[in-house]
Structures are given as structure tokens and as C-alpha cells.
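The lines below spell out each chain.
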Amino acid sequence: MSAIKINTNFKWVAAGLTFAILWPSASTATKLGLTVAQPLVIAVTRFAIAAAVMLFFAHVIKRHRYPAGKEWKQIAIYGLLNITIYLGLYVVAMQSVTAGIGALAVATNPIFILFMSVIILKKQLSWNIVLSIIVCAIGVIYAAWPLFAEATITAKGLLILLISMLSYSVAAIYFSQQQWNGLSLFVINGWQTLIGGLFLLPFALFFYNPSANHFDKSFLYAVSWLAIPVSIFAVQLWMWLLQVNPVKAGLWLFLCPLFGLAFAVWWMGDAVSIYTIAGVSLVIGGLLLSKINTKRNEMVFD
């Protein structure tokens, strides 16, 4: 295997693992924020902070070019799907869904991405990608099985959560299919976060209740974590993974619920069960399957 191939694989694994660690932490941070503030207030504040940091870095420090022409439309559509609808509904759903179930819902995205790629984009799948998805799905379900006995969810909350996940998957497919003409990922992420947040702002103002919001340390910790490690670093990694391969990128989402369980163990003192260990092993095995090439079908999505 050439040095270039090894370096590419290392970048892919490093980016995927870092994303899978950071992304599910949003569930716990959101639950912390919801103890002191309304969901849309948390979301809009998070997006404002993240967008300000990214756009300052992109245009003032790095001097990256601004979007031009149809790129503005593409960014607006991506922001609507990926920020306004997905994250707006997600933070609302977290009011009536546990952090564990919120993290588990992320694992539905690879399935959505897979079928939309086949149906909408007319992609062909290699056997190892299909097998990898099946094994990863079994691993996630097995690891999360004990949660279902104690999880407190409402049908409304679960429905909102699933709609948000569908929007996330549509956004992933949309982003991967657009021509960005070398536009910096920081520029795309910064503007889609700002525009998506602006779309959400009227709803936040309409439902705003001053007595329900306390801008204390818990609020500051929650929105800071959601803005910097999640909205900036995790989303940057996600967009890079999508540019390389949208279907295989989706496989990393299977690890998110498992790291979400790890956060629960670390921050909440939950016990690690045999289900957790077995589930993690299956997911890792499933991810390794996605890297197998065959002579007959040389990994269609490579």
C-alpha cells in the first residue's frame, strides 16, 4: 500500500473518529442547556457564536473569498436543511426525549443516506457497504437496548426527532452533490450556520418567554460547547467526510450513539454493561467491513 493511500486512510479514520466523539456530546450539552433556557434560545445563541467565530476566521484572518452567484442559494438551502430544520427540531425534541435516545437517533441517518443515494442519486452499492450497515445497526441496537427499559419519551418528541434526522440526511446528500468551486469549508459552514440561524430567529422571538431563560453558567457552558466543539469542529469534519464519500461518511454516525453512551458513563456515572461492550465491538467490526475491497466490485464509492 502506497504512502499516499496510508495517509489518506489515516486522515479518514482520524476525522471520522473525532467527529463521532464530538457530535453525540451535543445531546448532553443540550439537556444541560434545557434546564435553564428555552430550546430555540439555546439554538439561536449557539449558531450566532459559531457563525461569528467561523466567518471572522475565514474572511478576516484567512482572507478566503466570499460566496458568489448561485453559491449563496446553495448555502441558504443547506442552512435551511442542516441548521433551521434539523437542529431547530432536534433541540425542541430533546425536551421530551432522553439524551441516550437523542444520540441513538443519529444512527438512523446512514440508513436514510443509503436509500436516498440509491433512489435519488442512482448509486450502486457494494456488498461490503450493505453488510457494514447491517452489522453497525445491530451493534447500535444491542448497545442501546437497556436504555429502552428506562427511557422516557413521548410520541410527539420521537416524531419530531425522526423528522429532524431525515432533514439531516437530505442535507448531507444535497451538500455532497453541489459544485462548490473550491469554496472554503469554513466559509460554507460559517454562512450556512448564520443563514440557518436567521431563518430560525423569528420562531425563537415568537415563542420567547423571559421567565423561562436564565443566562447563568449552565447556559454559558452549554452554548459554548455546542458552538465551538460541535458546530465548528464537528461540522467541519462532517463536511469534509461528505465531500470524500457521503455514504461511507454516514457509517461514522453509527459510532455516535456509542460515544454518547460513553459520555453518559463519564458525566452521569452510568454503568457499562455487556451490551455496551458487545455493541461497540460490532460497530467497529462493521466500520472495518466498509474498507474491504473485492476484485469483482472495487468499492463503488471510493
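Residues numbered from 1 in each chain as written. Predicted model: local features only at pLDDT ≥ 70, side-chain atom pairs only at ≥ 80, totals over all residues. Heavy atoms only, no water.

Some words on the overall build of the protein
Phase 1 of the analysis: Within the protein, the secondary structure is distributed over 13 helices and zero strands.
Phase 2 of the analysis: Reading the secondary structure of the protein in the N-to-C direction produces α-α-α-α-α-α-α-α-α-α-α-α-α.
Phase 3 of the analysis: In the protein, buried positions account for 50% of the 302 residues.
Phase 4 of the analysis: Contacts spanning at least 24 positions in sequence make up 91% of the contacts within the protein whose residues lie at least 6 apart. (Helix = DSSP H or I, 4+ residues; strand = E, 2+ residues; numbered from the N terminus. Buried < 20%, exposed > 50% of the residue type's maximum accessible area, 1.4 Å probe, protein only. Contact = heavy atoms within 4.5 Å.)

Description of the packing of helix 8 (residues 155-177) against helix 10 (residues 217-244)
Working note: a packed helix pair is described by the angle between its axes plus the distance between those axes.
Phase 1 of the analysis: Running from N to C, helix 8 and helix 10 cross one another at 60°; their axes reach a closest spacing of 9 Å. Put simply, helix 8 runs oblique to helix 10. Classified by chirality, the crossing of helix 10 by helix 8 is right-handed. Between helix 8 and helix 10, the contacting residues are Y168, A172, F175 and S176 on the first element and W238, M239, L242 and Q243 on the second.
Phase 2 of the analysis: Here the contact of helix 8 with helix 10 is built from residues that sort into six nonpolar, two polar and no charged. (Axes fitted to C-alpha atoms, helices over the stretch in contact; angles between N-to-C directions. Parallel < 35°, antiparallel > 145°, perpendicular 65-115°, else oblique. Left-handed = near helix turned anticlockwise from the far one by under 90°. Nonpolar A, V, L, I, M, F, W, Y, C, P; charged D, E, K, R; others polar.)

Notes on the packing of aromatic side chains
Phase 1 of the analysis: Evaluation of the coordinates by the stated rule reveals 15 aromatic pairs.
Phase 2 of the analysis: Relative to F219, the ring of F215 has its centre 4.9 Å away and its plane inclined at 85°; by these criteria the two rings are edge-to-face.
Phase 3 of the analysis: The class of F215 is exposed, set by a relative accessible area of 53%.
Phase 4 of the analysis: Aromatic ring contacts, followed pair by pair, group F19, W23, Y86, Y90, Y168 and W238 into a single cluster.
Phase 5 of the analysis: One residue, K248, lies across the ring of W12, its end atom 5.8 Å from the ring centre. (Phe/Tyr/Trp six-rings, centres within 6.5 Å; stacked < 30°, edge-to-face > 60°. Lys NZ or Arg CZ within 6 Å of the ring centre and 35° of its normal.)

Details of unusual backbone geometry
Phase 1 of the analysis: Look at R63: it is not a glycine, yet its phi comes out positive at around 60°.
Phase 2 of the analysis: The residue R63 is located in the loop between helix 3 (39-61) and helix 4 (70-93) in this model.
Phase 3 of the analysis: Among the residues examined, R63 registers a relative accessible area of 67% and is labelled exposed.
Phase 4 of the analysis: Its identity is not glycine, yet N181 carries a phi of approximately 55°, on the positive side.
Phase 5 of the analysis: Within the secondary structure, N181 is located in the loop between helix 8 and helix 9 (185-206).
Phase 6 of the analysis: Judged by relative accessible area, N181 falls into the exposed class, the value being 53%.

What to know about the confidence of the model for the protein
Phase 1 of the analysis: Scored by pLDDT, the protein has a mean of 83; 86% of the residues are at 70 or more.
Phase 2 of the analysis: The low-confidence segment residues 294-302, where pLDDT is below 50, has 23 contacts with residues more than four positions distant or belonging to other chains. (pLDDT = per-residue confidence, 0-100.)

Focus: the packing of helix 9 against helix 10
Phase 1 of the analysis: It is at 10 Å that the axes of helix 9 and helix 10 come closest, and there the two elements cross at 120°. Compared by their axis directions, helix 9 and helix 10 come out oblique. Our pair here, helix 9 against helix 10, has a crossing hand that is right-handed. Residue-level inspection shows L185, F186, I188, N189 and Q192 of helix 9 in contact with helix 10, the latter providing S231, I232, V235, Q236, M239, W240 and Q243.
Phase 2 of the analysis: Residue classes in the contact of helix 9 with helix 10 are distributed as seven nonpolar, five polar and no charged.

Regarding the pattern of salt bridges
Phase 1 of the analysis: For the structure on display, the rule yields one salt bridge.
Phase 2 of the analysis: Residues R65 and E71 are paired through a salt bridge, measuring 2.9 Å at the closest nitrogen-oxygen approach.
Phase 3 of the analysis: The class of R65 is partly exposed, set by a relative accessible area of 37%.
Phase 4 of the analysis: Among the residues examined, E71 registers a relative accessible area of 3% and is labelled buried. (Salt bridge = Lys/Arg side-chain N within 4 Å of Asp/Glu carboxyl O.)

As for a nonpolar patch on the surface
Phase 1 of the analysis: On the surface, V130, I134, I138, I141, Y142, W145, I274, Y275, I277 and L282 cluster together into a nonpolar patch covering about 930 Å² of accessible area.
Phase 2 of the analysis: Looking at which element gives the most residues to the nonpolar patch, the answer is helix 7 (residues 127-150), with six residues.
Phase 3 of the analysis: Among the secondary structure elements, I138 is positioned in helix 7.
Phase 4 of the analysis: Judged by its relative accessible area of 48%, I138 is partly exposed. (Patch = residues over 30% accessible without salt bridge, like charges linked within 9 Å, V, L, I, M, F, W, Y side chains within 5 Å. Areas by Shrake-Rupley, 256 points an atom, 1.4 Å probe, with all protein chains shown as cover.)

Quick word on the nonpolar core
Phase 1 of the analysis: In terms of nonpolar packing, the biggest core is built from 81 residues, with F19, W23, W238 and L253 touching the most fellow members.
Phase 2 of the analysis: Counting residues per element, this core draws most heavily on helix 10, which supplies 10 residues.
Phase 3 of the analysis: Dropping the residues within four chain positions of it, F19 is found in contact with P24, Y168, A234, L237, W238, L241, W252, L253 and C256. (Core = buried A, V, L, I, M, F, W, Y, C linked by side-chain atoms within 4.5 Å.)

Points about the environment of H64
Phase 1 of the analysis: Assignment of secondary structure puts H64 in the loop between helix 3 and helix 4.
Phase 2 of the analysis: Sequence separation of H64 and S184 is 120 residues, and the distance between their C-alpha atoms is 6.9 Å.
Phase 3 of the analysis: With near-sequence residues (within four places) excluded, H64 lies in contact with A58, H59, S184 and V187.

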